[in-house]
Amino acid sequence: MEWLAGLAKAVVQVAIAIGSMIGSAVPGAVPAHAPVTPSSAAVVAAVASSPSSKAVPGQLLVRYRDGVQAAAVDALEKSHGAARKAEIRALRLHVVSVPTGDEDAIALALGSDARVEIVERDFAVTATGTTPNDYWWPNEWSEVKTRTNLAWDMTQGSSSIVIASLDTGVDLTQPDLQAKLVAGYNVLNGSSDATDDNGHGTWAAGVAAAASNNSIGVASYCWRCSLMPVKVLGADGTGTTANVASGIIWATDHGARVISMSLSGTTGTSALQSAVYYAHSRGVVLVAAAGNSGSTTQTYPAAYPEVLGVAGSDPNDALYAWSTYGAWVKLAAPGCNYTTGRSGWFGSFCGTSAAAPAIAGIAGLALSHAGAATNTAVEAALESTAVKISAPVAYGRVDAYAALLALGGSSAASPTPTPAPTLSPTPAPTVAPTPTPASTATPAPAVPTLSTTLSGAITNKNTTRSFALMSGAGTASGTLTFSKTAPLTVTVYSANGSILLTQTGGSPLSLSFVLPAGTAQIVVSGTAQSSFSLTITYPAP
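As the structure is a computational prediction, the values presented were derived from the model and not from experiment. (Residues numbered from 1 in each chain as written. Predicted model: local features only at pLDDT ≥ 70, side-chain atom pairs only at ≥ 80, totals over all residues. Heavy atoms only, no water.)

Visitor: What is the right way to read the overall build of the protein chain from this model?
Guide: When its secondary structure is counted, the protein chain shows 12 helices and 24 strands. Within the protein chain, buried positions represent 54% of all 541 residues. Here the analysis covers contacts within the protein chain between residues at least 6 apart in sequence; of these, 78% occur between residues at least 24 apart. In the form shown here, the protein chain has an accessible surface area of approximately 21,100 Å², with 56% of it arising from carbon and sulfur atoms. (Helix = DSSP H or I, 4+ residues; strand = E, 2+ residues; numbered from the N terminus. Buried < 20%, exposed > 50% of the residue type's maximum accessible area, 1.4 Å probe, protein only. Contact = heavy atoms within 4.5 Å. Areas by Shrake-Rupley, 256 points an atom, 1.4 Å probe, with all protein chains shown as cover.)

Right, dumping it as structure tokens:
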């Protein structure tokens, strides 16, 4: 079958090359022939699966306790043969290089020092492996499916809402992106040059917020939102969790309201989780691709509770065969979107890498429309109004129009889809969608609740798993289910470190505890290998 895969790859590359030439010569040109919908096999051939994460050789992540002097840190690192490569100041985290092959031994030695709070391996992440598959893909079905065209009647976005795209960078000369860009950052070399040397980042950015209604190119989800390119992946489409953590911190500190991450890895780190919490606690909506493994394997950062993990759905609201799925994936969004490419190219982009920026663009619309809305309010609106589908995701397929109504929008008497760019026709839906009116008769509950599912595995090397949960004050309940007969323990800590609950038992383990307003830490621990799932219902922040 290798020859067949090679042939499919060659066909895709030829299609990309032809599309590039046409796009460069006549930006936004209409296809000379009728659009053709590729077979599902052709789509799958164009979507690379998400590989398992591997530890980054010769690299550790170290956090020191408060009060440890810089001179002592330098001396400690040197004594163990470690050399500092980078520092994420907001997380008090050092990225250090160590001799390849000695990572575990040095980590053990550093971890035994009382001055060290955390030491862990860094792990690889990668772009979720997608390529444009067909230049003649029918334009814009995804915006009609998600009723984003009706949401445009309420807002097309605002330039004050910045969507950061953490990826391989952006082609700064792309005609549909040039006017949308704010200052970006290259984590790899510490410069302001976030030029895309791969192509993936330009595709992802265009889905979220390409310039629209300008007679060329494509109509994105958030027409007027600003784009912040943050380069965390190299020319080969790979990077590290430390890169991503640094990018999250930089984007947050420089005004991003939404962070879109079309990347994933099968192993998380406390550094990445801390960066996610840093951003979320400062009001940022975080969105990440679930991955393209076609399995339930959890990926990070999508699996963190503070992140909207996104699967890829098709025009019939089924998941594409390549999409990762599971109860830990919060939302589905169209997995193929027309978008921007390098050198003035336009084409179709498929994979959860395309689905994630669709959600990011809709989040940008929501923040533009409801200026006072918090990130948690936007997340709740996206989740509660999602269309229930048979696909195995937590909430359903996103509905942009319903989400804006839930945030306080008012429907027009006869909503009319905003016309697509003159040279890029948008197919109309067969039946005009009926707006979902905002509910005013039933008052909201006095103490609204949210639910989330936290999943992970206890191993011989990692006997505890920790999760951050932001909640309001009130009673929470949960159920822990796991695969082995050996008992597991759940411990809940308040923000000040006091223990709110410690409970040990077999599966299923029922929990009930009182949470103060703020961020609680939930720790699952055990002595035997076991995969687990913890579903918690808690007061909304």
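Visitor: Explanation requested: the pattern of salt bridges in the structure shown.
Guide: Note that side chains of opposite charge can pair when their charged atoms are close. The final tally for this structure, using the stated rule, is 13 salt bridges. Here D74 and R84 are joined by a salt bridge, their closest N and O atoms 2.5 Å apart. On the criterion of sequence distance, the pair formed by D74 in helix α3 (residues 70–79) and R84 in strand β2 (residues 83–88) is long-range, its members being 10 residues apart. Its relative accessible area of 31% is what places D74 among the partly exposed residues. A salt bridge links R147 to D399; the shortest N-O distance between them is 3.1 Å. Here the residue R147 occupies a position in the loop between α5 (141–145) and α6 (148–151), and D399 occupies one in the loop between β16 (396–397) and α12 (400–406), the gap between them amounting to 252 residues. Grouping residues by exposure puts R147 and D399 together as buried. (Salt bridge = Lys/Arg side-chain N within 4 Å of Asp/Glu carboxyl O.)

Visitor: I keep staring at the state of the cysteines and nothing clicks. Help me out?
Guide: Here, the word disulfide means a covalent bond between the sulfur atoms of two cysteines. Applying the stated criterion across every chain, the model contains two disulfides. The disulfide partner of C222 is C225, and the gap between their sulfur atoms is 2.1 Å. Linking C222 and C225, the disulfide has an S-S dihedral of approximately 50° and is accordingly described as right-handed. By the burial criterion, C222 is buried, and C225 matches it. Note that C336 is cross-linked by a disulfide to C350, the S-S spacing being 1.9 Å. Disulfide C336-C350: torsion about the S-S bond near 115°, hence right-handed. With C336 in strand β14 (residues 336–340) and C350 in strand β15 (residues 346–350), this pair connects stretches of sequence that are 14 residues apart. As far as burial versus exposure is concerned, C336 and C350 are alike and both buried. The cystine pairing of the protein chain, numbering bonded cysteines in sequence order, is 1-2, 3-4. (Disulfide = S-S within 2.5 Å.)

Visitor: Looking at this model, I keep getting lost on the sheet that holds strand β5 (residues 162–167). Mind explaining?
Guide: Sheets are built from strands paired through backbone hydrogen bonds, the pairs being either parallel or antiparallel. With respect to topology, eight strands assemble into an open sheet ordered β6-β7-β5-β9-β11-β12-β13-β16, the strand pairing being parallel. Two strands lie at the open edges of the sheet, namely β6 (185–186) and β16, each paired on one side alone. Packed on one face of the sheet, helix α7 (residues 200–209) meets β5 and β7 (226–231) and runs near 155° to β5. (Pairing = 2+ DSSP bridges. Axes fitted to C-alpha atoms, helices over the stretch in contact; angles between N-to-C directions.)

Visitor: Sorry if this is basic, but what is going on with the packing of aromatic side chains here?
Guide: Here the distance between the centres and the angle between the planes together describe a pair of aromatic rings. Tallied over the full model, the rule gives five aromatic pairs. For the ring pair W152 and W223, a centre distance of 4.7 Å and an interplane angle of 45° mean the geometry is tilted. Within this pair, whereas W152 is found in the loop between α6 and β5, its partner W223 is found in the loop between α7 and β7, the two being separated by 71 residues in sequence. Accessibility classification places W152 together with W223 in one group, the buried group. On the numbers, 5.5 Å between centres and 45° between planes, the contact of W203 with F349 is tilted. (Phe/Tyr/Trp six-rings, centres within 6.5 Å; stacked < 30°, edge-to-face > 60°.)

Visitor: Please clarify how the pairing of strand β11 (residues 285–289) should be interpreted in this entry.
Guide: Within a regular beta strand, the side chains point alternately toward one face of the sheet and then the other, so they alternate between its two faces. Of all the five residues making up β11, five are buried; the element is thus mostly covered by neighbouring parts of the structure. Going residue by residue along β11, you find V285, V287 and A289 tucked away on one face and L286 and A288 tucked away on the opposite face as well. The pairing of strand β9 (residues 258–261) with β11 spans four bridges and is parallel. Note that in β11 the partner of V258 across the bridge is V285. In terms of strand pairing, β11 meets strand β12 (residues 307–313) through four bridges, oriented parallel. By the bridge assignment, V287 is partnered in β12 with L308.

Visitor: Looking at this structure, I do not really get the nonpolar core. What am I missing?
Guide: Nonpolar side chains tend toward joint burial in soluble globular proteins. Within the largest apolar cluster, 58 residues are counted, with the highest numbers of intra-cluster contacts made by I163, V258, V285, V287, I359, V378 and L382. Of the residues forming this core, the biggest block, 11 residues, is contributed by helix α10 (residues 352–369). One finds I88, A256, A332 and V393 within the second-largest nonpolar core, a separate group that totals 48 residues. (Core = buried A, V, L, I, M, F, W, Y, C linked by side-chain atoms within 4.5 Å.)

Visitor: Could you clarify how one ought to interpret the packing of helix α8 (residues 241–253) against helix α9 (residues 270–280) in this entry?
Guide: Each pair of packed helices can be described by the angle between their axes along with the distance between the axes. For the pair α8 and α9, the least separation of the axes is 8 Å and the interaxial angle reads 15°. One finds that α8 runs roughly parallel with respect to α9. Seen from above, α8 lies across α9 with left-handed handedness. Of α9, the residues touching α8 (which contributes T241, V244, A245, I248, I249, T252 and D253) are A271, L272, A275, V276, Y278 and A279. Partitioning the contact of α8 with α9 into residue classes produces 10 nonpolar, two polar and one charged. (Parallel < 35°, antiparallel > 145°, perpendicular 65-115°, else oblique. Left-handed = near helix turned anticlockwise from the far one by under 90°. Nonpolar A, V, L, I, M, F, W, Y, C, P; charged D, E, K, R; others polar.)

Visitor: Got a minute to help me understand α7 in this structure?
Guide: Since one α-helical turn is 3.6 residues long, residues separated by three or four positions face the same way. Taking burial as the measure, the 10 residues of α7 include 10 buried ones, the bulk of the element. Within the sequence span of α7, burial applies to H200, G201, T202, W203, A204, A205, G206, V207, A208 and A209.

Visitor: Is there a simple way to explain the environment of S494 in this structure?
Guide: Along the chain, S494 falls in the loop between β20 (488–493) and β21 (499–505). Judged by its relative accessible area of 9%, S494 is buried. Sequence separation between S494 and G518 is 24 residues; the distance between their C-alpha atoms is 7.9 Å.

Visitor: Is there a simple way to explain unusual backbone geometry in this structure?
Guide: Backbone phi values are negative for most residues with the exception of glycine, while trans is the configuration of most peptide bonds. Here Y300 and P301 are connected by a cis peptide whose omega angle stands at 15°. With respect to the element layout, P301 can be found in the loop between β11 and β12. In this chain, S507 is followed by P508 through a cis amide linkage whose omega measures -5°. By secondary structure assignment, the location of P508 is in the loop between β21 and β22 (509–515). Even without glycine at this site, R92 takes up a positive phi of about 55°. Within the secondary structure, R92 is located in the loop between β2 and β3 (93–97). Under the relative-accessibility criterion, R92 is labelled partly exposed at 33%.

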